[in-house]
Amino acid sequence: MLNIRIEPISKKKEKPDQNNLGFGHYFTDHMFLMNYTEGKGWYDPRIVPYADISLPPAAMVFHYAQEMFEGLKAYRTADGTIQLFRPDKNIERMNNTNIRMCIPQVDPSDVLQAIKAVVNYDRDWVPSEEGTSLYIRPFIIATDEHLGVHVAKNYLFAIILSPVGSYYPTGINPVKIFIENEYVRAVKGGTGFAKVGGNYAASLIGQQKAEKLGYAQVLWLDGIQHKYIDEVGAMNVFFVIDGEIVTPSLAEGSILPGVTRDSCLALLRSWGMKVSERKISVDELEEAYKNGKLDEAFGTGTAAVISPIGELNNNGNKMIVSGGNIGPISHKLYDTLTGIQWGKIADPFGWTVKVD
Ligand code: COI
């Protein structure tokens, strides 16, 4: 149990217009911080005003990217309750990432306490408009003032909060995705399964290329053969092929084990649908498309929620999915998942957790 000290902000900021939040533009009044030093453990948990962090220019995170981050959301229900969605899954993934990045473990109950405390402290920032939520971004950075590639001995754990609308400007409308055949995001044995900034840094060149061509995101292929589908970077990906719902399996360790991905699998299975976690090649996708059997494609993620894919471009070969519209399975998943998150429908899985 953390003994969190509180340093309140002297003047609260003005809140942004809830109808124009976009994603990741605004930050609340406070943040949570906690330090770590080898031999001492985690110490000085505190809620302080959201402000710049001062670090030495030689802080190891700037040079060797020893860091990790997470992403989850808090939702305001109709009766004003504020709830989290499966925070235990994010915290479990956080510690799995920490193992891969040689970052010390954080006690899961301390992380949950910290998340609840800071969200509760800034609860007036949790928006109430349809489709909005408070995005929670925990992260850990190596702070040692040292040049040399070694595991750091000092870390800073922070949680910042951002009121958000939809990740894509298109909202729930289908996005266009560019299949990347040149660059790769991750390989087996690398950090693809971990939530680290380096994965996203490696993806930027492909993202830039896709955006220039008018696409929202990149679909990454496996790093060895450039043949099998991995993920979209900001989201995991699902396809409906001839009645079977397919998503790439986690077995190769090159894709992020998404909490929304896992929740969709649980929902689809509970509806008795045929679901497979397996390898899926671009060739299979193109073949299915040619035969009129690629019924739907959609991405899943905390930020992206359920994002229907209306077009896939593979080397100039455009596949228009669901006539460029949202398909019935994507729609049902979106309604059910967000219904549970916003407390509009029953939560049979016990996924939601109140902040107080
Ligand atoms: C999330 O979905 O929480 C993510 O971290 C994706 C990120 C690209 C915003």
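Residues numbered from 1 in each chain as written. Predicted model: local features only at pLDDT ≥ 70, side-chain atom pairs only at ≥ 80, totals over all residues. Heavy atoms only, no water.

**Observations concerning the pairing of strand S12 (residues 244-247)**
Alternating residues of S12 divide into Glu244 and Val246 and Ile245 and Thr247, and every residue in both groups is buried. The hairpin formed by strand S11 (residues 236-241) and S12 contains 2 residues between the paired strands, and Asp242 there has a positive phi angle of roughly 50°. With 3 bridges joining them, S12 and strand S13 (residues 275-277) adopt parallel strand pairing. If you follow Val246 over to S13, its bridge partner there is Ser276. (Buried < 20%, exposed > 50% of the residue type's maximum accessible area, 1.4 Å probe, protein only. Helix = DSSP H or I, 4+ residues; strand = E, 2+ residues; numbered from the N terminus. Pairing = 2+ DSSP bridges.)

**Remarks on the environment of Ser249**
Here Ser249 is to be found in the loop between S12 and helix H5 (259-270). You can call Ser249 partly exposed: its relative accessible area is 22%. C-alpha of Ser249 to C-alpha of Ala266: the two residues are 17 residues apart in sequence and 14 Å apart in space. Here the side chain of Ser249 touches Ala251 through a polar contact of 3.3 Å, landing on its backbone nitrogen. (Polar contact = N/O pair within 3.5 Å; in protein donor to acceptor, adjacent residues only side chain to side chain.)

**Observations concerning the environment of Val164**
Here Val164 lies in strand S8 (residues 154-164). In this structure, the C-alpha to C-alpha distance between Val164 and Asn19, residues 145 residues apart in sequence, is 9.6 Å. Excluding residues that lie within four positions of it along the chain, Val164 makes contacts with Leu21, Gly22, Phe23, Gly24, Lys73, Gly131, Thr132, Ser133 and Tyr135. (Contact = heavy atoms within 4.5 Å.)

**Looking at the domain arrangement of the chain**
Each assigned domain of the chain is listed here: domain 1 (5-165) and domain 2 (175-341). Relative to domain 2, the C-alpha centre of domain 1 lies at a distance of 27 Å. Interface area for domain 1 against domain 2, summed over the two sides, is near 1800 Å², with a carbon-plus-sulfur share of 60%. Together, Phe85, Arg93 and Arg100 form the three largest contributors to the area buried by domain 1 at its contact with domain 2, with a combined 35%. Summed over the shared surface of domain 1 and domain 2, the result is 1 salt bridge. (Domains from an automatic or database assignment. Buried area = accessible area lost by both parts, 1.4 Å probe. Salt bridge = Lys/Arg side-chain N within 4 Å of Asp/Glu carboxyl O.)

**With respect to a nonpolar patch on the surface**
A cluster of nonpolar side chains, contributed by Tyr64, Leu147 and Val149, occupies part of the molecular surface with about 310 Å² of accessible area. You can see Tyr64 is positioned in helix H1 (residues 60-64). Given a relative accessible area of 33%, Tyr64 falls into the partly exposed group. (Patch = residues over 30% accessible without salt bridge, like charges linked within 9 Å, V, L, I, M, F, W, Y side chains within 5 Å. Areas by Shrake-Rupley, 256 points an atom, 1.4 Å probe, with all protein chains shown as cover.)

**Let's talk about the packing of H5 against helix H7 (residues 328-341)**
Remark: H5 packs on H7, axes separated minimally by 11 Å, with the N-to-C direction vectors making an angle of 110°. Between H5 and H7, the interaxial angle falls into the category roughly perpendicular. Where H5 abuts H7, its residues Thr260, Ser263, Cys264, Leu267 and Leu268 lie against Ile329, Leu333, Thr336, Leu337 and Ile340. Classifying every residue of the contact of H5 with H7 gives 7 nonpolar, 3 polar and no charged. (Axes fitted to C-alpha atoms, helices over the stretch in contact; angles between N-to-C directions. Parallel < 35°, antiparallel > 145°, perpendicular 65-115°, else oblique. Nonpolar A, V, L, I, M, F, W, Y, C, P; charged D, E, K, R; others polar.)

**Some words on the nonpolar core**
Of all hydrophobic cores here, the largest spans 37 residues; its most connected members are Phe32, Ile115, Val119, Ile136, Ile140, Phe157 and Ile159. Those elements that provide at least two residues to this core are strand S2 (30-37), strand S3 (41-49), strand S5 (72-76), strand S6 (82-85), helix H2 (87-100), helix H3 (108-121), strand S7 (133-142) and S8. No other element matches H3, which puts 5 residues into this core. Once you skip the residues sitting within four places of it in the chain, Ile115 turns out to touch Leu72, Leu84, Ile91, Ile136 and Ile159. Formed by 24 residues, the second largest nonpolar core is a distinct cluster that contains Tyr168, Val237, Ile280 and Ala288. (Core = buried A, V, L, I, M, F, W, Y, C linked by side-chain atoms within 4.5 Å.)

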